[in-house]
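Each chain is listed here by its residues.
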Amino acid sequence: MSIIAITGTPGVGKTTIVKSLSDANFTIISVKDLAKQYGCEGDFDEATQSMDIDIHRLAEQFETDALGDTIVDGHLSHLLDVDAIIILRCNPTLLKERLAKRGYSEQKITANVEWEMIAGTWSEIIEFELDQPILELDTTNCEPEELCEVITHWINDGYSQQSTHARIDWLAE
Ligand code: DAT
């Protein structure tokens, strides 16, 4: 039984990819649904137009014993007690287009694009000294099916190839 987080800035393609992974016999849950289930939702945040989630309380309460192979989808999922972490990355220019299509405010687009530029998810992984196996994937020019194949191979192969720091550096491009 493995619990795997799929994380990364909003818009990088997490939900698109987990849809295909559900065909590969993983149960898919989102951090949002877990927060609802465990009563770890906070107030509605007008600035981000989304519900706040008390991720640290959720991490304390999240019961994984009864779960089978599970993928947890969400940009905070790496902060839960998971066995492995997949970080999706996306070129900030494309990410900006995707978030604009979602109808996000300028402020929310900028905040997310900057988070991606500085590899914010990686900063949190380093800050919290997370030591699970990590796979970092660039989704920019990759079909979801291709990414799924890489992911299932990585999992079935016992997470053999691992990253300890951001290999993708948008600031260097
Ligand atoms: P996330 O769940 O990370 O917020 P998403 O899965 O909702 O992101 O994807 C955001 C948008 O990008 C959505 O319109 C689908 C598109 N997209 C995602 N992954 C893609 C990929 N690998 N190739 C092309 N388009 C993709």
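Keep in mind that this is a model prediction, so the values were computed, not measured.

**Q** What exactly am I supposed to notice about the side chain of Asp73 here?
**A** Mapping Asp73 onto the fold places it in strand S5 (residues 70-73). Of the side chains with opposite charge, Lys14 comes closest to the buried, unpaired Asp73, at an N-O distance of 5.3 Å. At 2.9 Å, the side chain of Asp73 and the side chain of Thr15 are in polar contact.

**Q** What is the right way to look at the packing of aromatic side chains in this model?
**A** When we look at a pair of aromatic rings, we describe it by the centre distance and by the angle of the planes. All chains considered together, the criterion is met by 2 aromatic pairs. Centroid distance Tyr38 to Phe62: 6.2 Å. Interplanar angle 90°. Geometry classified as edge-to-face. Of this pair, Tyr38 sits in the loop between helix H2 (31-37) and strand S3 (41-45) while Phe62 sits in the loop between helix H3 (55-61) and S5, placing them 24 residues apart in sequence. Accessibility expressed as a relative area gives 9% for Phe62, which makes it buried. Seen in terms of ring centroids, Trp154 and Tyr159 are 4.8 Å apart; in terms of plane orientation they differ by 55°. Their pairing is tilted. By relative accessible area, which is 3% here, Trp154 ends up buried. One cation-aromatic arrangement involves Lys108 over Tyr104; the distance from NZ or CZ to the ring centre is 4.0 Å.

**Q** How should the site of the ligand be read in this particular structure?
**A** The local shell around the ligand holds 13 residues, among which Gly11, Thr15, Thr16, Arg102 and Cys142 are the closest. At 3.0 Å, a backbone N or O of Gly13 approaches an oxygen atom of the ligand. The side chain of Thr15 places a nitrogen or oxygen atom 2.8 Å from an oxygen atom of the ligand. Elements with a minimum of two residues in the shell around the ligand: helix H1 (14-21) and helix H7 (144-156).

**Q** Teacher, can you tell me more about unusual backbone geometry here?
**A** Excluding glycine, most residues fall at negative phi; most peptide bonds, likewise, are trans. Here Glu129, not a glycine, exhibits a phi torsion of approximately 50°, which is positive. As for its placement among the helices and strands, Glu129 is situated in the loop between helix H6 (120-127) and strand S7 (134-138). Of note in the backbone geometry, Tyr159 takes a positive phi value of approximately 55° without being a glycine. Relative to the helices and strands, Tyr159 is located in the segment after H7. Residue classification places Tyr159 among the buried positions, given a relative accessible area of 12%.

**Q** Would you explain the nonpolar core in this entry?
**A** Nonpolar side chains tend to gather and get buried jointly when the protein is soluble and globular. If you look at the biggest cluster of nonpolar residues, it comprises 24 residues, and the most contacted ones within it are Ile4, Ile6, Ile17, Ile71, Ile86, Ile151 and Ile155. Of all the elements in the fold, those that place two or more residues in this core are strand S1 (3-7), H1, strand S6 (84-89), helix H4 (92-101), helix H5 (106-117), S7 and H7. The leading source of residues in this core is H7, at 5 residues. If near-sequence neighbours (up to four positions away) are discounted, Ile4 is found in contact with Phe26, Thr70, Ile71, Val72, Ala84, Ile86, Ile155 and Tyr159. One finds Ile55, Phe62, Leu79 and Ile87 within the second-largest nonpolar core, a separate group that totals 22 residues.

**Q** What is the right way to read the pattern of salt bridges from this model?
**A** Between side chains of opposite charge, pairing is possible as soon as their charged atoms come close. The tally for this structure, following the rule as stated, stands at 3 salt bridges. A salt bridge links Asp54 to Arg57, with the nearest nitrogen and oxygen atoms 3.4 Å apart. The class for Asp54 is partly exposed, based on a relative accessible area of 34%. The partner of Arg89 in a salt bridge is Glu116, and the shortest N-O contact between them spans 2.8 Å.

So, how was this worked out
Residues numbered from 1 in each chain as written. Predicted model: local features only at pLDDT ≥ 70, side-chain atom pairs only at ≥ 80, totals over all residues. Heavy atoms only, no water. Helix = DSSP H or I, 4+ residues; strand = E, 2+ residues; numbered from the N terminus. Buried < 20%, exposed > 50% of the residue type's maximum accessible area, 1.4 Å probe, protein only. Lys, Arg positive; Asp, Glu negative; His and termini not counted. Salt bridge = Lys/Arg side-chain N within 4 Å of Asp/Glu carboxyl O. Polar contact = N/O pair within 3.5 Å; in protein donor to acceptor, adjacent residues only side chain to side chain. Phe/Tyr/Trp six-rings, centres within 6.5 Å; stacked < 30°, edge-to-face > 60°. Lys NZ or Arg CZ within 6 Å of the ring centre and 35° of its normal. Near = heavy atom within 4 Å. Core = buried A, V, L, I, M, F, W, Y, C linked by side-chain atoms within 4.5 Å. Contact = heavy atoms within 4.5 Å.

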